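Spelled out, the chains give:
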Amino acid sequence: MRYAILLAMALVMVTSAQAQDAVPEPDDYRTDNYRAPVPATLKGAQIVTTKEAEAIWRDKRGTFVDVMPRPPKPANLPPETVWRDKPRRNIPGSLWLPDTGYGRLAAGTETYLQDGLARASAGNRTALLVIYCQANCWMSWNAAKRALSYGYSNVVWYPEGTDGWEWEYLPLVDAQPEPRSPAN
């Protein structure tokens, strides 16, 4: 009996500590410190684990949208300097829309995201869109929230992103960003 009481007390303490560590879902977009613990929820979106994301991917039931930022070329590089983009590996078949997960988007970047989501969904706002980045990355949370605000009704947020995918030894491929129109 005493052992059961001690076990129950330990369970309550662990559950309480986990609840204190839980990140609340904000009302608005995250605008700083993007690599930090994320909430477990996103109102209006389905949240999936790596196993669930893998099932969607294997069954080809949705389009995966990667919103990982792309590091910009430094402005003050000498002209003779060779610049090499940092490679991005993402889930095969994904559409990479870099820089679209920030809390505030320039008009051109927002248009780029809207156009990219329209391509990913073939213009169907009920199409399944799986939005991701990396683990503990607010970029995907912001982008999924933004997709919901555009009227997409079947948004899936995959918070573990390519980190979770890689931890399960699932395939990743070299990615290139979706081209921007000259106006973006």
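Residues numbered from 1 in each chain as written. Predicted model: local features only at pLDDT ≥ 70, side-chain atom pairs only at ≥ 80, totals over all residues. Heavy atoms only, no water.

Colleague: Just checking my understanding: could you explain the overall build of the protein chain for this structure?
Modeller: Broken down by element type, the protein chain carries 5 helices and 7 strands. Helices (α) and strands (β) of the protein chain occur, in sequence order from the N terminus, as α-β-α-β-β-β-α-β-α-β-α-β. Counting every position in the protein chain, which comprises 184 residues, the buried fraction comes to 41%. Sequence-distant contacts in the protein chain: of pairs separated by 6 or more residues, those separated by 24 or more amount to 78%. (Helix = DSSP H or I, 4+ residues; strand = E, 2+ residues; numbered from the N terminus. Buried < 20%, exposed > 50% of the residue type's maximum accessible area, 1.4 Å probe, protein only. Contact = heavy atoms within 4.5 Å.)

Colleague: How should the packing of aromatic side chains be read in this particular structure?
Modeller: Any aromatic ring pair is given by two values, namely how distant the centres are and how the planes are angled relative to each other. As enumerated under the stated definition, the model contains 7 aromatic pairs in all. Relative to Tyr-132, the ring of Phe-64 has its centre 6.3 Å away and its plane inclined at 65 degrees; by these criteria the two rings are edge-to-face. Of this pair, Phe-64 sits in strand 2 (residues 63-66) while Tyr-132 sits in strand 5 (residues 129-132), and the two are 68 residues apart along the sequence. Across from the ring centre of Tyr-152, 4.9 Å away, lies the NZ or CZ of Arg-125, which sits over that ring. A cation over a ring is seen here: Arg-146 above Tyr-29, with NZ or CZ 4.0 Å from the ring centre. (Phe/Tyr/Trp six-rings, centres within 6.5 Å; stacked < 30°, edge-to-face > 60°. Lys NZ or Arg CZ within 6 Å of the ring centre and 35° of its normal.)

Colleague: Could you clarify how one ought to interpret helix 3 (residues 107-120) in this entry?
Modeller: Two residues of an α-helix separated by three or four positions point the same way, owing to the 3.6 residues in each turn. Between its first and last C-alpha atoms helix 3 spans 20 Å; for 14 residues at 1.5 Å apiece the expected length is 20 Å, and the two agree. Every buried residue of helix 3 is listed here: Thr-109, Tyr-112, Leu-113, Gly-116, Leu-117 and Ala-120. End-on view of helix 3: buried residues confined to an arc of 130 degrees, all on one side of the axis. Contact partners of the buried residues in helix 3: strand 2, strand 4 (95-96), strand 5 and helix 4 (138-149). Looking one or two residues past helix 3, Ala-122 carries a phi angle of roughly 55 degrees, positive in sign. (Expected span 1.5 Å × (residues − 1). Arc of directions from axis to C-beta.)

Colleague: Would you take a moment to explain helix 2 (residues 50-58) for this structure?
Modeller: Burial in helix 2 covers these residues: Thr-50, Ala-53, Glu-54, Ile-56 and Trp-57. What you see down the axis of helix 2 is that its buried residues fit within an arc of 160 degrees, all on one side. One or two steps after helix 2, the chain reaches Lys-60, where phi turns positive at roughly 55 degrees.

Colleague: Got a minute to help me understand the confidence of the model for the protein chain in this structure?
Modeller: Do not read the predicted coordinates in detail wherever pLDDT is low. When pLDDT is averaged along the protein chain, the result is 89; 88% of the residues meet or exceed 70. Low confidence marks residues 4-20, where pLDDT is under 50. Its contacts with residues over four positions away, or in another chain, come to 0 contacts. (pLDDT = per-residue confidence, 0-100.)

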